[in-house]
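Understanding the architecture of this molecule
Chain by chain, the residues run as shown.
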Amino acid sequence: DLQKGILRAIGDPIARFSEDHLRLLRAIRFAARFQFTIEADTWAAITTCAPQILAISAERIRDELSLILTEGQAADGFRLLFASGLLQQLLPEVAALDGVAQPPEYHPEGDVWQHVQLMLAEVDCLPTPDLALAWGVLLHDIGKPATFEQSDRIRFHGHDLLGAQMANDIARRLRMSNDLRRRIV
């Protein structure tokens, strides 16, 4: 499997993930970082077990998400988190970016989720991504879904202020240090 670039749980994938739910995030992290394909039964188990991730402590979740953001292939990692249902469990505010339209004259790449993924790919270009910067990139438009307005064109009045508060709340929920939280906000 290593030579073929396949990530596969040993034995029964549901049993492996039930033994330690953090393995759900580690599978995503390793698949993204090493550009591996997740074997079908293992992937099915990840999607089935995704709601169980909330049994893991906030600190362990924070650490794994931070590694996904800084070890390389962050955009791929977050695409896998979204597709598996893990993102919706852990960071529903980030998952809510999917499908939120933006003005095409300013964002020809598409919706807010696509924009954030492009920005995460830029983080990967840094030799040693700063953790606060990486989290800041992930959360920089977090306020847009709640402030979406469309009249003559799409607008997001106050998304920066709301986004700063939401980023602060997320950082607290994940038990980030005060210094890291302030830098992200």
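Structure's up top.
Residues numbered from 1 in each chain as written. Predicted model: local features only at pLDDT ≥ 70, side-chain atom pairs only at ≥ 80, totals over all residues. Heavy atoms only, no water.

1. With respect to the overall build of the protein chain
Test applied: In DSSP terms, a helix is any run of H or I states spanning at least four residues, a strand is any run of E spanning at least two, and both are numbered starting from the N terminus. For the radius of gyration, the atom set is restricted to C-alpha positions; the globular benchmark scales as 2.2 Å times the number of residues to the power 0.38. Relative accessibility thresholds used throughout: buried, under 20% of the residue-type maximum; exposed, over 50%; partly exposed, between the two (1.4 Å probe, protein chains only). Every residue pair with non-hydrogen atoms within 4.5 Å of one another is taken to be in contact. Charge counting follows a simple rule: Lys and Arg are positive, Asp and Glu are negative, and His as well as the terminal groups are ignored. The atoms used to mark charge sites are NZ of Lys, CZ of Arg, CG of Asp and CD of Glu.
When helices and strands are counted, the protein chain shows twelve helices and four strands. Here the protein chain has a C-alpha radius of gyration of 17 Å; the compact-globule value for 185 residues is 16 Å, and the two agree. Summarising its shape, the C-alpha atoms of the protein chain cover approximately 55 × 35 × 35 Å along the three principal directions. Across the 185 residues of the protein chain, 46% fall into the buried class. The long-range share in the protein chain, meaning contacts at least 24 apart out of those at least 6 apart in sequence, stands at 66%. The distance from the centre of the 19 positive side-chain charges to the centre of the 25 negative ones in the protein chain is 6 Å.

2. Let's talk about the side chain of R29
What counts is decided by this rule: Two N or O atoms count as a polar contact when they lie within 3.5 Å, although within protein this holds only if one can serve as hydrogen donor and the other as acceptor, and sequence-adjacent residues are included solely when both atoms are side-chain atoms.
One can find R29 in helix α2 (residues 22-34). In terms of polar contacts, R29 uses its side chain to reach the side chain of E71, at 3.0 Å. Ignoring any residue separated from it by four or fewer positions in sequence, one finds R29 in contact with E64, L67, I68 and E71.

3. Remarks on the environment of G72
Inspection of the secondary structure puts G72 in the loop between α4 (58-70) and α5 (74-84). Residue class for G72 comes out partly exposed when judged on its relative accessible area of 22%. For the pair formed by G72 and C125, sequence separation is 53 residues and the distance between their alpha carbons is 8.4 Å. Apart from residues no more than four positions distant in its own chain, G72 is found in contact with R33 and D124.

4. Structural notes on α2
The test is simple: Helix span, as expected, comes to 1.5 Å for every residue beyond the first.
Along its 13 residues, α2 runs 18 Å from first to last C-alpha, staying within 8% of the 18 Å computed at 1.5 Å per residue. Looking at α2, one finds that the buried residues are L22, L24, L25, A27, I28, R29, A31 and A32. Of the residues trailing α2, Q35 is marked for its positive phi of about 60 degrees.

5. Some words on the packing of α4 against helix α9 (residues 131-139)
Short version of the rule: Between N-to-C directions, angles cover 0 to 180 degrees, with each direction set by a line fitted to C-alpha atoms, over the stretch in contact for helices. In what follows, roughly perpendicular refers to angles from 65 to 115 degrees, roughly parallel to angles under 35, roughly antiparallel to angles over 145, and oblique to any angle outside these ranges. Three classes are used, and their members are as follows: Ala, Val, Leu, Ile, Met, Phe, Trp, Tyr, Cys and Pro are nonpolar, Asp, Glu, Lys and Arg are charged, and the others, Gly among them, are polar.
Their axes nearest at 9 Å, the elements α4 and α9 cross at an angle of 90 degrees. Considering the angle they form, α4 stands roughly perpendicular to α9. For the pair α4 and α9, the contacting residues are R62, L65, S66, L69 and T70 in the first and L131, A134, W135 and L138 in the second. Across the contact of α4 with α9, the residue classes tally to six nonpolar, two polar and one charged.

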